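Structural overview
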Amino acid sequence: MSKPVILTGLRANNDLHIGNYLGALLPIVDMANTKSDEYQINLFIPDLHSFTTPIDHGSLQDGIMNNLKLYVAAGFPLDNPNVHIYRQSYIPAHSELTWILDCFTGMGEMSRMTQFKDKSLSLGEDRISVGLFNYPVLMAADILLYGASYVPVGEDQSQHIEFTRDVAERINSQFGDIFVIPKPVNEQHEFFGKDQGLRIKDLVDPTKKMSKSSDSSKGIIFLNDDIGSVKDKIISSTTDSMNLISYSKETQPGIANLIDLLALISGKSIEEIKSKYNGQTQYGPFKNDVAEAMSSFIEEFQAKLLGVDESAIMEKLTTSEKQMNEIANSTLLKVQKAVGLRK
Ligand code: ADP
Ligand code: TRP
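For clarity, every value in this text was computed on a predicted model and none was experimentally measured.

Around ligand 2 sit 14 residues in total, of which His49, Tyr135, Met139, Asp142 and Gln157 are the nearest. Gln157 is positioned such that a nitrogen or oxygen atom in its side chain is 2.9 Å from a nitrogen atom of ligand 2. Of all the secondary-structure elements, those providing two or more residues to the shell around ligand 2 are strand S1 (5-9) and helix H6 (130-144). It is H6 that contributes the most residues to the shell around ligand 2, 4 residues altogether. Residue composition of the shell around ligand 2, by class: 8 nonpolar, 4 polar and 2 charged.

Okay, structure coming up:
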């Protein structure tokens, strides 16, 4: 029996921010370091997903290498044969399976995807691509080709995981046991030790998710920000005028977000942080502590990044991409046979 698979992808459009790091990168790096005896761990660059919204194509290659280096700086081990890094477009089966899945996907179910609705709102009607609409189908192919059971992603991607399960079940019920069905999202949260998907908020508008597609970078802590601006962004983050620290995402979203961030980067529980600051009437000292913790975290991360060896990454890509082509092609062949494309 092959090992169950844990898989995730992080797009290389822009530099990653602390939300991407905590929501998607850290969980898989932890798994790669603690669970690789029992699980196969795949971390890939969804490069075909990169231009579902307009990008500067000339900088895509740099963006890809930059992200791969971030994975390694975050602790992803390259010398472990059970962990893999690869680029989606180097495994043509992703595109081929997407087409087949497209034909088993309803226009209605794609139109309901909130990420599509949100992202298309920020583009003009004639700039919304079919690729953006189709995005979750390619994502389903990414997951199903390797039979992944667990897919650590932030809360905004949960709907795409549910869609992946739906389309896989649809095909299995018509053609028999073709795909491994990923675990339901709530079981995945349990597996990763969380009660729900993580959603770090923008520091300027804490009612919105921190997202690299935001217009302004003032509310976003990028992993490659300079230390001075990390501190400034935290100190000038939006809070409220209640003058009392308590943890309420509804009434004090800014404070709650800073508490979440401090807990996650210091490896402490929310409870610990809450009990330290609850009831304080001044926000300044609390913000200073968060700014100090965040800036040391970013500083250490950047020091690790400087030491990352590109040639070790290239070597690992070559090995992983060869192995992943074999796995992906064997799943694709099963599907091609099922739908009548192969004998
Ligand atoms: P962005 O919204 O910044 O463009 P992506 O859509 O590329 O981010 O997401 C990359 C990964 O990071 C996904 O797994 C996503 O769920 C996770 N993620 C993105 N933003 C956050 C956030 N604010 N909090 C937690 N996880 C996040
Ligand atoms: N859609 C994910 C994002 O926006 C990236 C992604 C593409 C992905 N394919 C995937 C994540 C497969 C997990 C599994 O962040």
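After presenting the structure, the write-up continues.
With domains assigned, the protein is organised as domain 1 (5-193 + 309-339) and domain 2 (227-305). Of note, the centres of domain 1 and domain 2, computed from C-alpha atoms alone, are 31 Å apart. Each partner contributes to the interface: domain 1 provides 7 residues, whereas domain 2 provides 8 residues. Counting each side, the surface lost to burial between domain 1 and domain 2 is near 700 Å², with a carbon and sulfur contribution of 87%. The largest share of the area that domain 1 buries against domain 2 comes from Ile18, Leu22 and Ala73, three residues that together contribute 63% of it. Summed over the shared surface of domain 1 and domain 2, the number is 0 salt bridges. For the pair domain 1 and domain 2, the number of links is 0 residue pairs in polar contact (both at pLDDT 80 or more). When contributions to the side of domain 1 that touches domain 2 are tallied by element, the ones reaching two or more residues are helix H1 (18-34) and helix H2 (60-73). Residue composition of the side of domain 1 that touches domain 2, grouped by class: 6 nonpolar, no polar and 1 charged.

Relative to each other, helix H9 (residues 227-235) and helix H12 (residues 284-306) sit at 150°, their axes nearing to 9 Å. As the angle between them shows, H9 and H12 are arranged roughly antiparallel. As H9 packs across H12, the resulting crossing turns out to be right-handed. In this structure, H9 contributes Ile227, Val230, Lys231, Ile234 and Ile235 to the contact, and H12 contributes Lys287, Asn288, Val290, Ala291, Glu292, Met294, Ser295, Ile298, Glu299 and Gln302. Split into classes, the residues belonging to the contact of H9 with H12 amount to 8 nonpolar, 3 polar and 4 charged.

We now examine the pairing of strand S3 (residues 83-87). Most of S3 sits inside the fold, with 5 of its 5 residues counted as buried. Residues Val83, Ile85 and Arg87 point to one face of S3 and His84 and Tyr86 to the other, with burial holding for every one of them. Relative to S3, strand S2 (residues 40-45) runs parallel, the two being bridged by 5 bridges. From the neighbouring strand, Asn42 faces S3, where its bridge partner is His84. Between the parallel pair S2 and S3, the chain is carried across by H2, and the sense of this crossover is right-handed.

Moving on, we come to the site of ligand 1. Residues in contact with ligand 1 amount to 19 residues; listed here are only the nearest, His17, Gly154, Asp156, Lys209 and Lys212. Separating an oxygen atom of ligand 1 from a side-chain N or O atom of His17 is a distance of 2.7 Å. Contact between ligand 1 and Lys209: an oxygen atom at 2.6 Å from a side-chain N or O atom of the residue. For ligand 1, the accessible surface in isolation is 530 Å², of which the surrounding protein chains cover 97%. Per-class residue counts for the shell around ligand 1 are 6 nonpolar, 8 polar and 5 charged.

Parameters at a glance
Residues numbered from 1 in each chain as written. Chains lettered and ligands numbered in written order. Predicted model: local features only at pLDDT ≥ 70, side-chain atom pairs only at ≥ 80, totals over all residues. Heavy atoms only, no water. Near = heavy atom within 4 Å. Polar contact = N/O pair within 3.5 Å; in protein donor to acceptor, adjacent residues only side chain to side chain. Helix = DSSP H or I, 4+ residues; strand = E, 2+ residues; numbered from the N terminus. Nonpolar A, V, L, I, M, F, W, Y, C, P; charged D, E, K, R; others polar. Domains from an automatic or database assignment. Contact = heavy atoms within 4.5 Å. Buried area = accessible area lost by both parts, 1.4 Å probe. Salt bridge = Lys/Arg side-chain N within 4 Å of Asp/Glu carboxyl O. Axes fitted to C-alpha atoms, helices over the stretch in contact; angles between N-to-C directions. Parallel < 35°, antiparallel > 145°, perpendicular 65-115°, else oblique. Left-handed = near helix turned anticlockwise from the far one by under 90°. Buried < 20%, exposed > 50% of the residue type's maximum accessible area, 1.4 Å probe, protein only. Pairing = 2+ DSSP bridges. Right-handed = clockwise from strand over helix to strand, strands pointing away. Areas by Shrake-Rupley, 256 points an atom, 1.4 Å probe, with all protein chains shown as cover.

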